[in-house]
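# Examination of the molecular architecture
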Amino acid sequence: MFLLIPDLLQNGNGNDLRSWILAFRGFSPKKPVPGLTNEKSGEILIPLEREDREVRIALTSWQTHPDSWTASVTKKLDPDVGRYRRLQRLLNDILNVSPAPHYVIFPELSFPPRWFIRSAMKLLNRGISLIAGVEYIHHSRKRVANQVWASLISDYLGFPSIVILRQDKVCPAPLEEAELFAVAGLKLSPQINKKRSLNQQKPCICHGNFRFGLLICSELTNLRFRSRFRGKVDAVIVPEWNKDVETFSALIESSALGIHAFIVQCNDRQFGDSRIRSPAKEAWERDLVRVKGGKSDYFVVGSLDVDGLRRFQSFHQSPQEGPFKPVPDGFKISSSRRKLPIKRKKSC
């Protein structure tokens, strides 16, 4: 249903979803159904009864060959015949990790859409959510969409299932725009909820107790998007295919402090600098994970201290001895993220 009706989660009408579940499943959910909780706030609720003080994220170092990009743009067969085998091998390695991560992140334009559901269902058995940038979607004449798909575990049906959230890239990066037109005469435009996309509203996703936002590569440079998430999310997840790692390194570091949240950057392996950045006080604690290079695909798991971050931000005035940098000027934590602040004792 979430693929057939792409804006189902953002149209603010949960009664439609309840009616379709009753028709196809034969019952109506007793729990709240996924969807937009408030049109003004732009929060999307994905119900999940799971309380975790830390969120474990598997950050993949995965490479998509440039010839595969060209094939997806020109609607030709993928020349990388071993790509699916590489993907399944990487997913199997992730499934064998103990404890299992809560989320697996793949780079921008890394996933053919036809492989996404099968991979998401495979991870569902271990309670793992999948977030990945999918290849360009040809949705009209000479128009393509660049989207990130998120398969999020939910129990709103009374048993574990997946909710598919799709989010468009609003504007192409300058080089992306030039290459799309040069290779196939294409332009990039949003496919889902064009009015919301053009108004540059990015939703805050409330997945159980974890709140995060999604940006696709060059969208991180948009100051309006970054300010939108300040105080409202625990993390910002950014799938990328970006060779300008030096510029984005400064953006990631400043965004972690400016938004005062964890920044999860997942770049293509050929460019690297995939990392999880924390607004920690000590410089050596800020990069929880940082990887680059390698000849084969791999992943690294990092933990986000979401509970600690919220308690720190809930102080009226940031304590100087805290594990995080003081919140920036004008910062205001949302009421849904507020926690009882507890001062930690200094270690000997």
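Everything in this summary refers to the structure shown in the same document.

Criteria and thresholds
Residues numbered from 1 in each chain as written. Predicted model: local features only at pLDDT ≥ 70, side-chain atom pairs only at ≥ 80, totals over all residues. Heavy atoms only, no water. Salt bridge = Lys/Arg side-chain N within 4 Å of Asp/Glu carboxyl O. Helix = DSSP H or I, 4+ residues; strand = E, 2+ residues; numbered from the N terminus. Buried < 20%, exposed > 50% of the residue type's maximum accessible area, 1.4 Å probe, protein only. 1 Å grid on protein atoms, 1.4 Å probe; cavity = no way out; pocket = protein on both sides within 12 Å on 5 of 7 lines; lining within 4 Å. Points joined across faces, edges and corners; volume = space filled by probe spheres on them. Nonpolar A, V, L, I, M, F, W, Y, C, P; charged D, E, K, R; others polar. Axes fitted to C-alpha atoms, helices over the stretch in contact; angles between N-to-C directions. Left-handed = near helix turned anticlockwise from the far one by under 90°. Contact = heavy atoms within 4.5 Å. Pairing = 2+ DSSP bridges. Right-handed = clockwise from strand over helix to strand, strands pointing away.

### A short note on the pattern of salt bridges
Where charged atoms from two side chains of opposite charge approach closely, those side chains can pair. Within the structure shown, the criterion is met by 20 salt bridges. R310 is the salt-bridge partner of D234, the closest N and O atoms lying 2.7 Å from each other. Here R310 lies in helix α9 (residues 306-313) and D234 lies in the loop between α7 (223-229) and β13 (235-239), a separation of 76 residues in the sequence. Between D307 and R311 there is a salt bridge whose closest N-O contact spans 2.9 Å. Of this pair, D307 and R311 both sit in helix α9, 4 residues apart, which is roughly one turn of the helix. This pair shows no difference in class: D307 is buried, exactly as R311 is. Each of E253, D273, R275, R277, D287 and R290 takes part in a single network of salt bridges with overlapping partners.

### A word on the layout of surface pockets
Each pocket or cavity is described by its volume, and for the largest pocket that value is around 530 Å³. Top element by residues in the lining of the largest pocket is helix α5 (residues 174-184). It accounts for 4 residues. Within the lining of the largest pocket, the residues separate by chemical class into 11 nonpolar, 4 polar and 6 charged.

### Observations concerning the packing of helix α2 (residues 66-74) against α5
Close contact between α2 and α5 brings their axes to 10 Å; oriented N to C, the two are set at 65°. Between α2 and α5 the crossing geometry is right-handed. Contacts between α2 and α5 involve W69, T70, V73 and T74 from the first element and E179, L180, V183 and A184 from the second. A breakdown of the residues in the contact of α2 with α5 according to their chemical character gives 5 nonpolar, 2 polar and 1 charged.

### Quick word on the sheet that holds strand β7 (residues 143-145)
Spatially, 3 strands are ordered β6-β7-β10 in an open sheet, and the strand pairing comes out mixed. Looking at the sheet topology across the chains shown, the edges are occupied by β6 (137-140) and β10 (187-188). Where β7 meets β10, 2 bridges bridge the pair, whose relative direction is parallel. Looking across to β10, one finds that R143 is bridged to K187.

### Structural notes on the pairing of strand β12 (residues 210-214)
Along β12, 5 of the 5 residues are buried, which leaves the element largely enclosed by surrounding structure. Alternating positions in β12 separate into two faces, F210, F212 and L214 on one and R211 and G213 on the other, with burial throughout. Across 3 bridges, strand β11 (residues 204-207) lies against β12 in antiparallel orientation. What sits directly across from C206, in β12, is R211. Linking two consecutive strands that pair antiparallel, namely β11 and β12, is a turn of 2 residues; a positive phi of about 65° is found at G208 within it. With 3 bridges connecting them, β12 and β13 associate as parallel partners. If you follow F212 over to β13, its bridge partner there is A235. For the segment spanning β12, α7 and β13, crossover handedness is right-handed.

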